[in-house]
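Coordinates in review
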Amino acid sequence: MSDLVRQGSKAPVPIGGENRYKAVQAKLRKLGRTLDALADDLGTLRRDMRATAEEARGVAVDIGHADLDGKFVEMTDQVADALGAAANSVNDLGATAHEVATQTYQAKRLHAKLYQALDDIRSNRSVKTPKAGFFTR
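The shown structure was predicted, so the numbers you read here are calculated from the model rather than taken from an experiment.

Analysis parameters
- Residues numbered from 1 in each chain as written.
- Predicted model: local features only at pLDDT ≥ 70, side-chain atom pairs only at ≥ 80, totals over all residues.
- Heavy atoms only, no water.
- Helix = DSSP H or I, 4+ residues; strand = E, 2+ residues; numbered from the N terminus.
- Buried < 20%, exposed > 50% of the residue type's maximum accessible area, 1.4 Å probe, protein only.
- Contact = heavy atoms within 4.5 Å.
- Areas by Shrake-Rupley, 256 points an atom, 1.4 Å probe, with all protein chains shown as cover.
- Salt bridge = Lys/Arg side-chain N within 4 Å of Asp/Glu carboxyl O.
- Expected span 1.5 Å × (residues − 1).
- Bend = angle between axes of the 7 residues up to and from the residue.

Focus on the overall build of the protein chain
When you go through the protein chain residue by residue, the secondary structure sums to two helices and zero strands. A buried classification covers 20% of the 137 residues belonging to the protein chain. In the protein chain, of all internal contacts separated by at least 6 residues, the share reaching a separation of at least 24 is 63%. Put simply, the protein chain shows about 10500 Å² of open surface, and 57% of that area lies on carbon and sulfur atoms.

Here it is in C-alpha cells:
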C-alpha cells in the first residue's frame, strides 16, 4: 500500500530516500504533476470509451436492420452498456485523481509554510548545527 499515512494512525510513513525540505517539495510537485497528467489521460480515455459505446449502439441498430438473430443485437447492446458504465467509472477515477492532485498542492503549500523558513536558516548557516532533537533526552 502506498498511503502517505498508515491506516488508523496519523504518523507519516517514510516514502523513501531523501526527506529534506527541498526533496519533499520536489516529490510533492512531481506527484501533483503526475496526477494532473493522469486526470487528463483519463478524460481522453472516457471520451474514447463513450464514442466506442455509441458506435456499438449503431452497430446493434445495423444488425437489427439486417434481420440477423436478435441475440446479436442484444449482445451488442450489452457491450455498449458495459462500455458506458466503464466510462462512468473512468470519469469517477479522473475526478478522484484531480481531487488528490489538489490535495497534493495544498500539502505542498502547507509544507512550505511550516518548513521553508527553517530550511532557509539551516541552509544559509556557515557552521554545523545540531540536528532537531539532539538535546532532547
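There is more to say, and it comes next.
Section: the pattern of salt bridges
Tallied over the entire structure, the rule returns three salt bridges. Across the pair aspartate 119 and lysine 22 runs a salt bridge whose closest N-O atoms are separated by 2.9 Å. Residue aspartate 119 is found in helix α2 (residues 70-123), and its partner lysine 22 is found in helix α1 (residues 21-65); the two are separated by 97 residues along the sequence. Put simply, arginine 57 and aspartate 77 hold a salt bridge, and the shortest N to O gap is 3.6 Å. Highlighted residues: arginine 57 in helix α1 and aspartate 77 in helix α2, separated in sequence by 20 residues. Salt bridges here are not isolated pairs; linked through shared partners, they connect Arg57, Asp77 and Asp81.

A short note on the environment of methionine 49
Summarising the element assignment, methionine 49 is placed in helix α1. We classify methionine 49 as buried; its relative accessible area is 14%. Sequence separation between methionine 49 and glycine 84 is 35 residues, and the spatial gap between their C-alpha atoms is 7.1 Å. Not counting residues up to four positions away in its chain, the partners in contact with methionine 49 are Leu83, Ala86, Ala87 and Val90.

Structural notes on α2
Compared with the 80 Å implied by 1.5 Å per residue over 54 residues, the 74 Å span of α2 between its first and last C-alpha is a close match. Approximately 50 degrees is the largest bend angle found in α2, and it occurs at tyrosine 115.

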